Structures are given as C-alpha cells and as structure tokens.
There are 2 protein chains.
Amino acid sequence: MEKMFKVALDGMGGDFAPANPVKAAVDAINTDKNIMVMITGDKEKLEAEFAKYEYNKEQIQIIPTTEEISCNESPVDAIRRKKDSSMVVALRMVRNGEADAFVSSGSSGAVLVGGQVLVGKIKGIERAPLAPLIPTVKGVSLLIDCGANVDAKAHHLVQFAKIGSIYMKTIVGIENPKVAIVNIGSEEAKGNALVKETYPLLKECEDINFIGSIEANEIHTGKADVIVCEAFVGNVILKHTEGLAKTLISEIKKGLTSTVRSTIGAALVKPALKETLKQFDASEYGGAPLLGLKGLVVKAHGSASAVEIKNAIFQCVEFSRLQVNEKIKEQLFPPVKEEASDDK
Amino acid sequence: MEKMFKVALDGMGGDFAPANPVKAAVDAINTDKNIMVMITGDKEKLEAEFAKYEYNKEQIQIIPTTEEISCNESPVDAIRRKKDSSMVVALRMVRNGEADAFVSSGSSGAVLVGGQVLVGKIKGIERAPLAPLIPTVKGVSLLIDCGANVDAKAHHLVQFAKIGSIYMKTIVGIENPKVAIVNIGSEEAKGNALVKETYPLLKECEDINFIGSIEANEIHTGKADVIVCEAFVGNVILKHTEGLAKTLISEIKKGLTSTVRSTIGAALVKPALKETLKQFDASEYGGAPLLGLKGLVVKAHGSASAVEIKNAIFQCVEFSRLQVNEKIKEQLFPPVKEEASDDK
C-alpha cells in the first residue's frame, strides 16, 4: 500500500459548510484510496452530514473543534484568539506534521494570516502570495497575488514574479514562462506609483522572462504566463472573471431560449457549449495555493461547491508530488556553495 | 432650422485614425442634419478619407493641424508642447466656445490632462473622473473613475461618488441611485488603506445613497448604480470586461461550430445570441465622459470603431441637451443664498 496522503480540511469554512466540505471529503476518498481526510469542526454537525454517504470510514477522521472563524472578524485577532477553531486546529496539524496539506474555503484573510503565522513562511519569503490559475484561450496563466496582502511594496511584487515563474515552470511545465505586470497602458512610463517603481526592478531581474506590461483586456489572451499584480487588483480580476463569466453565460442561456427557433437550436448546441464554458468555470480549477510556505495551504473560494473543494484536495496531492514549496525554496534561495578561498 | 451642434473631433486620435474618425463624422452628419463636425488633423490625409464618402459638405469642417499626440509620450508634456496637435487644437475650440463638445479616441492620459487644463474644471472639482457606463443584467451602472487619475486620495473618491450620483439621477434617470465602493470583501473592515479611509467618509455623506462595498463578482449584477473606485482599479475592470467578454464570445463561437450537430444548432441560435451579446459590446456604449469640466469632453477607446466614435458624438448631443456638467455644478456647489443677518 502507498503512503496515505493526509489532508486537514476545514469543515466549517465557506458559505456551504459543513455540507460541501463533507461531500468533498467523501468524493475525494471514494476516488482515491490513498487519501485520508482529517476534517475539523462541530462533531455533531459533521457526523450528521457524513451519515448521508457511503464511504470507507478508515479514510475519514473527524477532529472535533468548538469554534469557527467568520469572514466578519479581523483575521489577525481570529487566528490569535480562536485556538480551538476548525481553521486554527487544521493549520496546526500541518505545522506539526500530522497532516500533509490544509484546505479551506473559509475567510481568505484568516487563511492568509494563519498560513503565514501557523504554518510559517520559507525563510526569505517576505509575503506568501495567493496564486490561482486563470483560464486563457491558450490554457492557463498564474495570477499572483490575489490574497489579502494589500498595499504591497515593489520588492514584494518582484518576489511574486520570481515565485510565479518557478511555479509555472515546475508545476505547469512551461519553459521560460513570460512574466508581465498588470498596468493601465503598455508603456513603461504608465501606471500608478507602485507599478512605476516595480517595472524597472522587474526589467533588471535576470532570473525571469519579463515581457513588460499587460493591460486587463489581455489577461485571458495567454500573452503572459505569470501575471503579477498587487493583491487588491488581483482579487478584483479574479472575482470579476467569475462574476462576468457567470453573468454572460446566464444571459446567453436566457437568449438561447428567447425564441422558438433559438430554443430548437439551443438543444443542438448544448453539449458543445457546455464543453466550451467548462474552461471558464472556476470550480474546475479547485483552489488557489498560498505559495512560499513551509507546508501546503490551499484556499477554495467562499462559495465553493463540493466539486471545487474536492479538486482542491486533489491539487494538494499534485502539489505535494511536484514539491512546489520545496522547489520555490531551492530555486529562490539556492544553498550558497562554500568556495575554496585564500584571501582571508 | 435648429441651432447646429458643433463637435470638435480629434481626427488623428486612436489606433485607426484618421479612417475611423472620418467615417464616424460622415455617419453622424448623415444621420443628424443638426450636427456639424469640426475635425482636426493632417489636411491631406483627412481629405483622402473624406473623398471615399458622400455627405453634406456644409456639415464638415476640416481644421488643419501639423502635430499628433501618441500614447507613448508624457501627457503633460504633450499637451503643453504640441500646441498644433489635433487634440490640443480641438480642445481649445471647446474652451473658446467655437465647438460645443470634444471627442477623441487618442491617448487617455492626454485627454485627461488636456480636458482638465485646456477646457478647465468646474470650480470646486478636484479631479475630473472618466466615467463609462458598464453593462449589467439590470441595465447599466456607472464606473467612476476609470481615467488616469491614479493614486487618488479618499476625498477624491468621495467627490466621485457625488458626481456619479448626480449623473445617474439626471442623465440615466435613476431616483436615489445606490452607491458602492469596489472592495475585496463585503465588510467595512476589509480593503486596502485607501478603501478603509474612504468607506467611513462615504457612510457619512448625506447626499448619496451609500450601500457599502461591492466585490468584483457583483459588478455586473446591478447591485449598485454608481460603482466608485480608484482609477487604476476602474481601468482594470473596464478593460477586463471588454477583454473577457470578447474571449468568451469567441470561444463560444468556436465551440458552436465544433461538431456537425452544434453547427446546425448554431445557425438557429445566431440571431438570439447576437441580440444577447450586443449588450456586452463596448461599441454600443460610445465613449466615456470626463465629468466635472466647463465643457463636454468624451473619450472613446483607443481601438474604437467608427460606430463607437459616432455614438460618442451622439452622446455629446445628449449630454448637452441634459446639461450634465451644469447639473453637476448646480447640485455639487449650490449657490449660497444671501441671508438677512443682523449679527455683524
């Protein structure tokens, strides 16, 4: 038997908890017999949800906790004070080596603070960016940072560019990934104070393939593999992608059944359309990793479906196999070779 | 005969100049006999374009200029130095009362600087915001600011909220328009430094209907009528809407013809689909006004089609009829009534 991959799952995080995390856990273990889900949360509520399913009980472990972290509270205070919350207990399991990865669709801010404080950053990492893959016509690009690291400085963005390059190369398999910074014009002189300060620094970096600015209308064209931005802007792009795609798709569906003629046509185009729209469906992408930590932390979005949380669990297995954080550490901070030197 | 409405059109601005501005001018005057277009630019090039069309020569006036402002130069320097550029000459015509409005699809930065410096801001307006209408499932919302006023302060955003409310009430006809600020969470405590500073100020405003934060996934839901944000973020949202809608639509079209079955269906759904997608087509919306100036300034986007520029010209007629800037002035800075007072 292979070694079990243990995921600490926040059973109370997200808009549809504990129902969706429980369903995701069951689906994940029913798909892969080498996954164990250690789910934290209200014991009674979790058991009531699990009672609805058939599954191998040896692959599920309920870790009873008494507190929950909501999106309305200060992330820093919540992580510090709610020591018996489903999120803090699960994060500690990663830190202590009891679990191999952490997944939550709870408060982004709390995942970010908890990931950095409880699991800890790799030495040298200034801020851990939340970096989801977003759909493009050519495949996917990495949008880095989308977390709650707002009001970043130029040197943070430079590190994000390097982390993103390592990710796209080692995880997605793109040689010499193209890096661009989100801007409001294509010229170097354009932008706000942060972009103007960051641009020349990125240009100087020898370890990335910086191609300049990317305007927001080019984000889904595949022009850049690594799209660097400050977290507020990244969050806006990420949520806007989700919202606009949803709106357009629902308007298109409405339009398709607006006439008798189109309703007949709609039945014929449905399978092809479904396939096309799938690539713009956020749930297909699972969650977003918080990169540069000493352990695996993946955030699924607040209204994540069970499929999305399940995919986030599978993502963890893949991240672990490909050793994402280990590679970031190795390549960003290569061990200094001791050289024979006489000039003491 | 009605009074002619005179539009000063930048004949050299935009990616497809002078072809698109010339075609737009011809289409506009062929549609409305009370419009006169005074087009600035290279005389020979403009005449060569006009030679392609049939139109009433009395409604077109070519104003020869010798310089052009590109997107690659500093807006401030360009406006100051290129006194015989198509943009500066056209803007001056508005200032001098020779034209009723200015339209350009040239450099956003230059339109912004030129509008503020040459046409001039209404007394009391701190920064003139670029405010396009964006499509929502309920109709349209105003996104304010999308210009080049980057790195705004909280008090600028507060004034944008008030200007936007007046616009949506007096131009679009929405009573008590709902105002929200773009944020990365729905709670007051969320956001970057700018949003955290602005939120309580908006809450205190008695003259607007502030409903709190709006996340980027809610932008096209019609939750808010006036969507307030700093220009960098607004520009990202605006361009992202255009880019993602274009990508989705092209992917859908590709998908529709991917199988024989779907190709037959595609022919049937085409008219209905076209109608649906029209509402997300930027060119239907014309341009975006630069609000709070002493004259009408409308910016069409850089790659604007002739239809889009023509619609921007018609927008000017409408703005003039509805007296948009006059209403902003009246309502934002009502004349102080002299009161009889004895306590001198």
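Everything numeric in this text was worked out from a predicted model, so none of it was measured.

*Asks:* What is the right way to look at the interface of chain A and chain B in this model?
*Replies:* Frequently, the measure chosen for interface size is the accessible area removed from exposure when the parts meet. The partner chain B presents 54 residues to the 53 residues of chain A that form the contact. Counting each side, the surface lost to burial between chain A and chain B is near 5,000 Å², with a carbon and sulfur contribution of 72%. Contact with chain B buries area across many residues of chain A, yet Ile184, Phe232 and His240 of chain A alone supply 14% of it, more than any other trio. Linking chain A with chain B are 2 salt bridges. When the shortest N-O distance is used, the salt bridge between Glu215 of chain A and Lys239 of chain B registers 2.3 Å.

*Asks:* What's the story with the environment of Val103 of chain A in this structure? I'm lost.
*Replies:* Residue and element names in this part refer to chain A. Along the chain, Val103 falls in strand β4 (residues 101-104). Look at Val103 and you get buried, because its relative accessible area is 0%. Sequence separation of Val103 and Ile39 is 64 residues, and the distance between their C-alpha atoms is 9.6 Å. Leave out the neighbours within four places in its chain, and Val103 touches Val7, Ala8, Leu9, Asp10, Val298, Ile309, Ala312, Ile313 and Cys316.

*Asks:* Explanation requested: helix α8 (residues 231-256) of chain A in the structure shown.
*Replies:* Residues that lie three or four places apart on an α-helix share one face, since the helix turns once every 3.6 residues. All names here are of chain A. Helix length check: α8 (26 residues) gives 37 Å between terminal C-alpha atoms against 38 Å at 1.5 Å per residue, within 8%. By the criterion of burial, α8 is predominantly enclosed, with 20 of the 26 residues buried. With a side-chain oxygen lying 2.9 Å from the backbone nitrogen of Phe232, the N-terminal cap of α8 falls on Glu230.

*Asks:* Would you explain the relation of the copies chain A and chain B in this entry?
*Replies:* Mapping between the two chain copies consists of a rotation about an axis together with a translation along that axis. Note on the identical chains: chain A maps onto chain B by a rotation of 180 degrees and an axial translation of 0.0 Å, with an RMSD of 0.1 Å. These values place the two chain copies in the arrangement generated by a two-fold rotation axis. Looking at the rotation axis and the C-alpha trace of chain A, the residue lying nearest is Gly265 of chain A, at 1.9 Å. Interface overlap between copies is the fraction of interface residues in one copy that are interface residues in the other; for chain A against chain B it reaches 100%, indicating a shared surface.

*Asks:* What's the story with the packing of aromatic side chains in this structure? I'm lost.
*Replies:* Residue and element names in this part refer to chain A. This model, assessed by the stated rule, comprises 6 aromatic pairs over all chains. Ring centres of Phe50 and Tyr55 lie 5.3 Å apart, and the angle between their planes is 50 degrees; on these two criteria the pair is classed as tilted. A centroid spacing of 5.1 Å and a plane angle of 80 degrees characterise the contact between Tyr199 and Phe210, whose relative ring orientation is edge-to-face. Of this pair, Tyr199 sits in helix α7 (residues 193-204) while Phe210 sits in strand β8 (residues 209-214), and the two are 11 residues apart along the sequence. A cation over a ring is seen here: Lys57 above Tyr55, with NZ or CZ 4.5 Å from the ring centre.

*Asks:* It is not clear to me how the packing of α8 of chain A against helix α8 (residues 231-256) of chain B should be interpreted in this structure. Could you clarify?
*Replies:* The packing of two helices is summarised by the inter-axis angle and the distance between the axes. With their axes 9 Å apart at the nearest point, α8 of chain A and α8 of chain B run at an angle of 40 degrees to one another. The angle between the axes of α8 of chain A and α8 of chain B places the two elements in the oblique class. Considering only the axes of α8 of chain A and α8 of chain B, their crossing is right-handed. Taken together, the residues of α8 of chain B that come into contact with α8 of chain A (itself represented by Phe232, Val233, Val236, Ile237, His240, Thr241, Leu244, Ala245, Leu248 and Ile252 of chain A) are Phe232, Val233, Val236, Ile237, His240, Thr241, Leu244, Ala245, Leu248 and Ile252 of chain B.

Criteria and thresholds
- Residues numbered from 1 in each chain as written.
- Chains lettered and ligands numbered in written order.
- Predicted model: local features only at pLDDT ≥ 70, side-chain atom pairs only at ≥ 80, totals over all residues.
- Heavy atoms only, no water.
- Contact = heavy atoms within 4.5 Å.
- Buried area = accessible area lost by both parts, 1.4 Å probe.
- Salt bridge = Lys/Arg side-chain N within 4 Å of Asp/Glu carboxyl O.
- Helix = DSSP H or I, 4+ residues; strand = E, 2+ residues; numbered from the N terminus.
- Buried < 20%, exposed > 50% of the residue type's maximum accessible area, 1.4 Å probe, protein only.
- Expected span 1.5 Å × (residues − 1).
- Polar contact = N/O pair within 3.5 Å; in protein donor to acceptor, adjacent residues only side chain to side chain.
- Least-squares fit on C-alpha atoms with pLDDT ≥ 70 in both.
- Phe/Tyr/Trp six-rings, centres within 6.5 Å; stacked < 30°, edge-to-face > 60°.
- Lys NZ or Arg CZ within 6 Å of the ring centre and 35° of its normal.
- Axes fitted to C-alpha atoms, helices over the stretch in contact; angles between N-to-C directions.
- Parallel < 35°, antiparallel > 145°, perpendicular 65-115°, else oblique.
- Left-handed = near helix turned anticlockwise from the far one by under 90°.

Without other data, these values stay purely geometric and don't point to any function.
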